[in-house]
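# A look at the structure
In case you want the letters, here they are:
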Amino acid sequence: MSPDTLNSMLAGVQAVTWQSLVMLTVGCLLIALAVVKEYEPLLLLPIGAGCILANLPLSPLADEGGMLDILYNIGVGNELFPLLIFIGIGAMTDFGPLLENPRMVLLGAAGQLGIFLTLILALALGFSRPEAASIGVIGAIDGPTSIYVSGILAPDLLGPITVAAYSYMSLVRIIMPPIMRLLTTKRERAIRMPYSQRVISKRTRVLFPVVVTIVVGILVPFATPLIGMLMLGNLLRESGVVERLTQAASNELANVVTLFLGLAIGSTMVGEDFIKASTLFILGLGLIAFCLDTAAGVMFGKLLNLFSGGKFNPLIGAAGISAFPMAARVVQQEAQREDYDNFLLMHAMGANAAGQVASVVAGGVLLALMGAG
Amino acid sequence: MKDIGFGLGMTAAGMGTVFAMLLLLMIIVSLMGRMDRQPSSAENAGRDGLAGADLDAMSGIDDAPDTAPRVLADGLTEDQIAAVSVAVLLHAEIRRQQAAPAMRTHQPGSHIFASRWVANGRGLQTQPWRRS
């Protein structure tokens with residue numbers, strides 16, 4: 001056997017670097033989190049797999065023209081995949097609780113404060129303005145919005161931002177409760193709020209996505225792609241006349257795009273680019289953004305409690321983020337810890353649905369303020 | 001320091017815009033909710049008129065034919081009450097089915113949820129080599 005043959009046979013082993021080994025470990029860790037802990041498995045498993053495939057030595061998958069490179073170019077580089085996922089999310093989301101109780105919309109706005117406060121922190125840490133805005137948007141707690149905004153403003157940070165966004169979304173049950181307990185008293189958490197169900201006509205349910213798209217599209221054009229696709233999915237669902245499209249959007253389309261998106265995002269996590277101090281900062285700032293969102297929501301809830309003469313349970317404010325419906329469930333669990341018969345779920349679902357719309361609006365506003373196109 | 005000023009400006013403008021947008025949405029959604037209430041109140045008014053006519057019929061002011069439907073309460077006939085009952089039950093069933101996947105592993109009323117004995121028996125049937 002000639003030395004050249006031996007060299008080419010061992011080329012893979014020779015190309016192993018410490019960075020690739022670290023990233024292979026990170027990929028395995030993501031898969032373990034998805035499989036063992038079931039933390040956002042639909043996204044973390046493909047991301048982990050993509051990360052491993054991209055960091056294998058001399059991997060042709062991630063090279064130019066390789067499968068992962070093609071997936072990135074057709075769906076992430078041009079922001080197509082997050083928008084397609086939004087159609088699926090819209091088709092799966094019931095805005096009924098929000099339509100029944102429109103006042104909850106404001107809680108969605110309060111839940112976006114973390115985006116902007118984190119932006120300031122990122123600027124203080126030396127990130128550029130577009131990078132800081134991209135990091136701040138992790139605070140939307142909305143994976144597709146984070147991917148969409150960072151894909152436009154700071155494509156180089158797409159990998160760590162996506163991993164942070166989805167990781168923290170999966171940790172809602174762990175991150176939110178301590179903050180909620182810290183900022184509220186036992187008495188406040190035990191406040192009961194009667195829920196009177198109101199019948200929402202089909203006309204209103206159909207009009208809602210159309211009106212929201214037109215209003216938001218006119219006032220914040222940068223949010224049109226995000227809100228337009230979200231509301232398109234919801235219109236399919238509420239119209240009731242395109243059952244097959246609704247099923248396709250919420251199942252086949254969402255599943256296929258989620259797989260492709262996960263693999264493409266994972267392929268951006270190449271060791272040489274990913275292992276930097278800035279990645280750690282991004283992960284840390286993402287966590288801070290999430291905590292600030294929760295805190296801002298609860299504090300706004302306390303404000304409403306004050307104005308309502310103590311009738312509003314401030315825990316509901318924490319549901320004004322986009323992690324739907326996990327945030328609402330956490331609110332219900334926390335309320336039940338104090339009073340087992342307290343039923344806040346429907347109020348929290350209203351705030352949570354508002355958070356979904358608000359995060360998209362906030363993403364569009366951020367793009368508009370940054371002058372991105 | 002310049003960047004921090006920029007960040008503060010972004011926060012003020014961004015949160016202000018988001019709040020303004022959502023306030024507008026809240027107003028629009030509330031107005032849409034009112035549209036829902038108006039037809040139902042008109043229907044109620046119509047129904048009240050109908051009820052008045054029915055009461056008149058019951059009190060013998062108007063000569064009602066023998067085949068006229070019997071009015072039980074609130075001006076509703078037996079058929080109307082039956083239709084309302086079926087609609088309410090159907091609506092409750094749909095709501096329960098919609099809520100079920102998010103709340104439980106198995107839908108209430110499904111065989112798996114209804115009886116562990118049935119589930120166990122099925123397991124034994126499909127996997128006879130396993131001991132229960």
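What counts as what
Going along each chain's sequence as written, the residues are numbered from 1 onward. To read the labels, note that chains go from A and ligands from 1, taken in the order they are written. The predicted origin of the model limits local features to residues at a pLDDT of at least 70 and limits the giving and counting of side-chain atom pairs to 80 or more, whereas totals for whole chains, interfaces and linings rest on all residues. The side-chain figures draw on all heavy atoms in the structure; neither hydrogens nor water molecules are used. Secondary structure is summarised from DSSP: a helix means a run of H or I of at least four residues, a strand means a run of E of at least two, and numbering begins at the N terminus for each. Here's how the labels work: a residue is buried when its accessible area is under 20% of the maximum for its type, exposed when over 50%, partly exposed in between, all with a 1.4 Å probe on protein chains only. Areas reported as accessible are Shrake-Rupley estimates using a 1.4 Å probe. Residue values count occlusion only from the protein chains shown. Should any heavy atoms of two residues lie within 4.5 Å, those residues are considered in contact. By the criterion applied in these results, polar contacts are pairs of N or O atoms within 3.5 Å in which, for protein atoms, one can donate a hydrogen and the other can accept it, and in which residues neighboring in sequence qualify only through two side-chain atoms. By definition here, a salt bridge exists when the distance from a side-chain nitrogen of Lys or Arg to a carboxyl oxygen of Asp or Glu is within 4 Å. The term buried area denotes the loss of accessible surface (1.4 Å probe radius) that occurs when two parts are joined, taken as the sum for both partners. Geometry is summarised by axes, namely lines fitted to C-alpha atoms with helices restricted to the contacting stretch, and by angles between N-to-C directions that run from 0 to 180 degrees. Helix crossings get a hand from a simple test, with the near helix turned counterclockwise from the far one by less than a right angle marking a left-handed crossing and a clockwise turn marking a right-handed one. Charged means Asp, Glu, Lys or Arg here, nonpolar means Ala, Val, Leu, Ile, Met, Phe, Trp, Tyr, Cys or Pro, and polar covers whatever is left, Gly included. Think of pLDDT as the predictor's per-residue confidence, scored from 0 to 100.

### Brief notes about the overall build of chain B
- On a plain count of helices and strands, chain B comes out with four helices and two strands.
- Moving toward the C terminus, one meets the helices and strands of chain B in the order α-β-β-α-α-α.
- Counting over 132 residues, chain B shows a buried share of 18%.
- Counting every atom, chain B has about 9700 Å² of accessible surface; 61% of that belongs to carbon and sulfur.

### Observations regarding the environment of B:Thr11
- Assignment of secondary structure puts B:Thr11 in helix α1 (residues 2-59).
- C-alpha separation for the pair B:Thr11 and B:Asp36, spaced 25 residues apart in sequence, amounts to 37 Å.
- Residues contacting B:Thr11, with those up to four places away along its chain left out, are A:Leu113, A:Phe116, A:Leu117, A:Ile120 and B:Gly16.
- Of the polar contacts made by the side chain of B:Thr11, one reaches the backbone oxygen of B:Gly7; its length is 2.8 Å.

### What to know about the pattern of salt bridges
Residue and element names in this part refer to chain A.
- Throughout the structure, instances matching the rule amount to nine salt bridges over all chains.
- For lysine 302, the salt bridge goes to glutamate 188, with nearest N and O atoms at 2.9 Å. Of this pair, lysine 302 sits in helix α19 (residues 277-307) while glutamate 188 sits in helix α14 (residues 186-189); the two residues are 114 residues apart in sequence, bridging distant segments of the chain.
- Taking relative accessible area as the criterion, lysine 302 reaches 23% and is therefore assigned partly exposed.

### Points about the interface of chain A and chain B
- If you look at the interface, chain A gives 47 residues, while chain B gives 33 residues.
- Summed over both partners, the interface of chain A with chain B buries about 3400 Å², with 77% contributed by carbon and sulfur atoms.
- A salt bridge links B:Asp3 to A:Arg129, with the shortest nitrogen-to-oxygen separation between them at 3.1 Å.
- Where chain A meets chain B, there are three residue pairs in polar contact (both at pLDDT 80 or more).

### Focus: the packing of helix α6 (residues 80-92) of chain A against helix α17 (residues 243-267) of chain A
Residues and elements named next belong to chain A.
- Interhelical geometry of α6 versus α17 gives an angle of 145° and a closest axis separation of 8 Å. In this structure, α6 meets α17 at a crossing whose hand is left-handed. Residue-level inspection shows Phe81, Pro82, Leu84, Ile85, Ile87, Gly88, Ala91 and Met92 of α6 in contact with α17, the latter providing Thr246, Ala249, Ser250, Leu253, Ala254, Val257, Thr258, Phe260 and Leu261.
- Of the residues assigned to the contact of α6 with α17, the class counts are 13 nonpolar, four polar and no charged.

### Concerning the confidence of the model for chain B
Residues and elements named next belong to chain B.
- Per-residue pLDDT for chain B averages 69, and the proportion of residues at 70 or more is 49%.
- Per-element averaging of pLDDT across chain B places helix α3 (residues 111-114) at the bottom with 52 and strand β2 (residues 76-77) at the top with 78.
- Low pLDDT, under 50, characterises residues 50-66; the predicted model gives this stretch 10 contacts beyond four residues in sequence or across chains.

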